[in-house]
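So the chains spell out like this:
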Amino acid sequence: MSDITKGMEYIIKIESVSSDGSGVAHIDGFTVFVPQTVTGDTVNIKIENVQKRFARAKLVEIIEPSTDRQEADCPYYEQCGGCQLRHIKYEKQLEIKHLTVENAMKRIGGFSNFCIDDVYGADNTERYRNKMIFPVGQKNNKIVCGFYAQKSHDIIPLGDCALGDGINSAIINTVLDYMNDNNIAPYNEHTHKGTIRRIFTRKSFSANEFMVVISATVKTLPRYENLIQRLQSISDRIVSIVLNINTGNMPLGNKNITLWGKNTLSDTLCGVTFSISPNSFFQVNPEQTEKLYKKTLEFAQIDKNTSVMDIYCGIGTISLCAAQTAKNVIGIEIVKQAITDAKENAAINGITNTEFYADSAENIVPKLIANGKTADVVILDPPRKGSDEKTLSAIIKSNAKHIVYVSCNPATLARDARLLAESGYTVTRSAIFDLFPHTVHIETVVLFEK
Ligand code: SAH
């Protein structure tokens, strides 16, 4: 037990940074997490919350800054939940990420000497996102749009978010002007009254084009020609304006009506063109994604005789990139619409050696493999919860030569890697890619060989 209680203040030195981006220190052996601090900082902190094994504290004052500290350079940083590492120099951010993966592989995976071979930082650490969602609401009788404050639905009005394109603030202001001039109310989450819920923007990096999606509760927007006219006057880079009908609880509803311009944007990755509709999943940082996919394909060692299985394939991004060299590719994904998009993307690119299945991996992978649909190379890119025993056991039984595991969560990667290592696979290569500078997210790719 510790004597530490809520409200107490301490001066401490930060020893490391945890996987959620908080600085870590010890007070009489008791662990304390302090957001917005970094290894080497001497800080005054105030305890906010005490649990059995650790406490969380708030930064009150920096007494002596770490040499790894930098100006966060964003006026919203302290309130916004979007970035966690902006106060840390970029080189140090990368070090924190690669240590997080190595620690997980050692502690959870049981790999005693695990070292990441390569760390691929981003050339552009700002304005890298191709997708932004801004909630719209009301505050002090004014319509506001911006982002949610940390762990709340309180909207902080936004001038500019440094992770997205600068055009977003002009789009937000234009939509708010249109709402004010036409008496269109923002949606209220409590009363369920009002019309416009969110402004959602997508960018095609290769075409430098934008789609503006207005998520609203109605089937038709009042005086929408007026909105189109205003948005058109911002920039001819805006090529698509869409109304998304959203009466549910998700950020976007399922039905879209194109108000003006294109129905979809198209972007390219590794020479393949992808058609992206408002609801499609597409990696948010295409520059870094391309590097990640190239490494994934290099690890996979595909040639014209290789059969590939791409599990958790989304809209078929990795599958279609692999299909350019492979004999054939089977893509598996649980979301039906994503598989429809994958098939369409195969057709757009004239790719004919792919087969896609809309089903859960745990259900279909064992069946396909039992029916002789084995692959020389299996690529896995699961969601944060990782893969599962049924899928992994089937892959192991199939005797795949190479397994390339792309992971967005070091903890579940390490858990799954342990299972593969216990079943005769050895980790032979690994790399991390920073797709999300200034945030704690990490993408890791690991090659397992039989
Ligand atoms: N490889 C793709 C998508 C990776 S994201 C890309 O790089 O774009 C992980 C994907 O796994 C998501 O598309 C998600 O819908 C899918 N998914 C989640 N659970 C699944 C399951 N149990 N079986 C198959 N796919 C699943």
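Keep in mind it's a predicted model, so treat the numbers as computed, not measured.

Our next topic: the overall build of the chain. Looking only at helices and strands, the chain has nine helices and 23 strands in total. Over its C-alpha atoms the chain spans a radius of gyration of 24 Å, differing by no more than 12% from the 22 Å that the globule rule assigns to 450 residues. Each of the three principal axes of the chain carries a C-alpha extent, and together these read 65 × 60 × 35 Å. Counting only residues that meet the buried cut, the chain has 54% of its 450 residues in that class. Put simply, 63% of the contacts in the chain that link residues at least 6 apart link residues at least 24 apart. Carbon and sulfur atoms make up 48% of the accessible area of the chain, which amounts to about 20500 Å² in all. Between the centroid of the 49 positive side chains of the chain and the centroid of its 50 negative side chains there is a distance of 6 Å.

Glancing now at the sheet that holds strand 7 (residues 118-120). Strand order in the open sheet made by the eight strands is 7-22-23-21-20-17-18-19, with mixed pairing throughout. In this open sheet, the two edge strands, each paired with only one partner strand, are strand 7 and strand 19 (354-358). For this sheet, the mean angle separating the axes of adjacent strands, direction not counted, is 15°. For strand 17 (residues 307-311) and strand 18 (residues 328-333), the ladder comprises five bridges, and the chain directions are parallel. From the neighbouring strand, Met-309 faces strand 18, where its bridge partner is Ile-330. Sheet contacts for helix 4 (residues 286-300): strand 7, strand 20 (377-380), strand 21 (402-407), strand 22 (426-433) and strand 23 (443-449); angle to strand 22, the most-contacted strand, approximately 170°.

Moving on, we get to the packing of helix 7 (residues 361-370) against helix 8 (residues 389-397). One way to put it is that helix 7 packs onto helix 8 with a least axis distance of 8 Å and a crossing angle of 20°. Viewed along their axes, helix 7 and helix 8 adopt a mutual orientation that is roughly parallel. Where helix 7 crosses over helix 8, the two elements pack in a sense that is left-handed. Note on element contacts: helix 8 touches helix 7 through Lys-390, Thr-391, Ala-394 and Ile-395, opposite Ala-361, Glu-362, Val-365, Pro-366 and Ile-369. Classifying every residue of the contact of helix 7 with helix 8 gives six nonpolar, one polar and two charged.

Tracing the chain through its elements places Thr-31 in strand 4 (residues 30-34). A distance of 3.2 Å separates the side chain of Thr-31 from the side chain of His-26, its partner in a polar contact. In contact with Thr-31, other than residues within four places in its own chain, are Val-24, Ala-25, His-26, Arg-53, Phe-54 and Ala-55.

Moving on, we get to the pattern of salt bridges. Applying the stated criterion to the full structure yields 17 salt bridges. Salt-bridge contacts for Asp-165 lead to Lys-203; the nearest nitrogen and oxygen are separated by 2.8 Å. With Asp-165 in the loop between strand 10 (155-157) and helix 2 (167-181) and Lys-203 in strand 11 (residues 196-204), this residue pair connects regions lying 38 residues apart in the sequence. For Glu-298, the salt bridge goes to Arg-429, with nearest N and O atoms at 2.8 Å. Within this pair, whereas Glu-298 is found in helix 4, its partner Arg-429 is found in strand 22, the two being separated by 131 residues in sequence. Glu-298 gets classed as partly exposed once you look at its relative accessible area, which sits at 39%. Bridged by salt links that share partners, the residues Asp-68, Lys-92 and Glu-95 form one connected network.

Segmenting the chain into domains produces domain 1 (9-64), domain 2 (102-122 + 285-449) and domain 3 (131-265). Here the C-alpha centre of domain 3 lies 34 Å away from the C-alpha centre of domain 2.

Taken together, 16 residues form the shell around the ligand, and within it Tyr-293, Thr-317, Glu-333, Ala-361 and Asp-381 come nearest. Note that an oxygen atom of the ligand is positioned 3.0 Å from one of the side-chain N or O atoms of Thr-317. Within the side chain of Asp-381, an N or O atom sits 2.8 Å from a nitrogen atom of the ligand. Protein chains shield 88% of the accessible area of the ligand, which is 570 Å² for the free molecule. The residue makeup of the shell around the ligand, split by class, is eight nonpolar, four polar and four charged.

What follows is about the packing of helix 2 against helix 3 (residues 224-232). For the pair helix 2 and helix 3, the least separation of the axes is 10 Å and the interaxial angle reads 150°. In terms of axis orientation, helix 2 runs roughly antiparallel to helix 3. The element helix 2 and its partner helix 3 pack so that their crossing is right-handed. Judged by residue contacts, Ile-171, Thr-174, Val-175, Asp-177, Tyr-178 and Asp-181 of helix 2 engage Tyr-224, Asn-226, Leu-227, Arg-230 and Leu-231 from helix 3. For the contact of helix 2 with helix 3, the class distribution of residues is six nonpolar, two polar and three charged.

Before going further, it helps to spend a moment on helix 6 (residues 336-348). Across its 13 residues, helix 6 extends 19 Å between first and last C-alpha, which sits within 8% of the 18 Å expected from 1.5 Å per residue. Buried residues of helix 6: Ala-338, Ile-339, Asp-341, Ala-342, Asn-345 and Ala-346, and no others. The arc that holds the buried residues of helix 6, viewed along the axis, is 155°, so those residues lie on one side. In helix 6, the exposed positions that point more than 90 degrees away from the buried face belong to Lys-336 and Ala-347. At its buried positions, helix 6 is contacted by strand 16 (272-276), helix 5 (317-323), strand 18 and strand 19. In the stretch just after helix 6, Gly-350 is the one whose phi turns positive, near 65°.

Glancing now at the pairing of strand 4. Within strand 4, five of the five residues are buried, leaving the element largely enclosed by the surrounding structure. Alternating positions in strand 4 separate into two faces, Phe-30, Val-32 and Val-34 on one and Thr-31 and Phe-33 on the other, with burial throughout. Pairing of strand 3 (residues 23-27) with strand 4 involves five bridges; the strand directions are antiparallel. Bridging across to strand 4, Val-24 finds its partner in Phe-33. Linking strand 3 to strand 4, which pair antiparallel, is a turn of two residues; within it Asp-28 sits at a positive phi near 50°. Taken together, the three bridges between strand 4 and strand 6 (residues 54-64) define a ladder with parallel strand orientation. Paired with Val-32 across the strands is Ala-55, a residue of strand 6.

Reading the values: the criteria
- Residues numbered from 1 in each chain as written.
- Predicted model: local features only at pLDDT ≥ 70, side-chain atom pairs only at ≥ 80, totals over all residues.
- Heavy atoms only, no water.
- Helix = DSSP H or I, 4+ residues; strand = E, 2+ residues; numbered from the N terminus.
- Rg over C-alpha atoms; globule rule 2.2 N^0.38 Å.
- Buried < 20%, exposed > 50% of the residue type's maximum accessible area, 1.4 Å probe, protein only.
- Contact = heavy atoms within 4.5 Å.
- Areas by Shrake-Rupley, 256 points an atom, 1.4 Å probe, with all protein chains shown as cover.
- Lys, Arg positive; Asp, Glu negative; His and termini not counted.
- Charge placed at Lys NZ, Arg CZ, Asp CG, Glu CD.
- Pairing = 2+ DSSP bridges.
- Axes fitted to C-alpha atoms, helices over the stretch in contact; angles between N-to-C directions.
- Parallel < 35°, antiparallel > 145°, perpendicular 65-115°, else oblique.
- Left-handed = near helix turned anticlockwise from the far one by under 90°.
- Nonpolar A, V, L, I, M, F, W, Y, C, P; charged D, E, K, R; others polar.
- Polar contact = N/O pair within 3.5 Å; in protein donor to acceptor, adjacent residues only side chain to side chain.
- Salt bridge = Lys/Arg side-chain N within 4 Å of Asp/Glu carboxyl O.
- Domains from an automatic or database assignment.
- Near = heavy atom within 4 Å.
- Expected span 1.5 Å × (residues − 1).
- Arc of directions from axis to C-beta.

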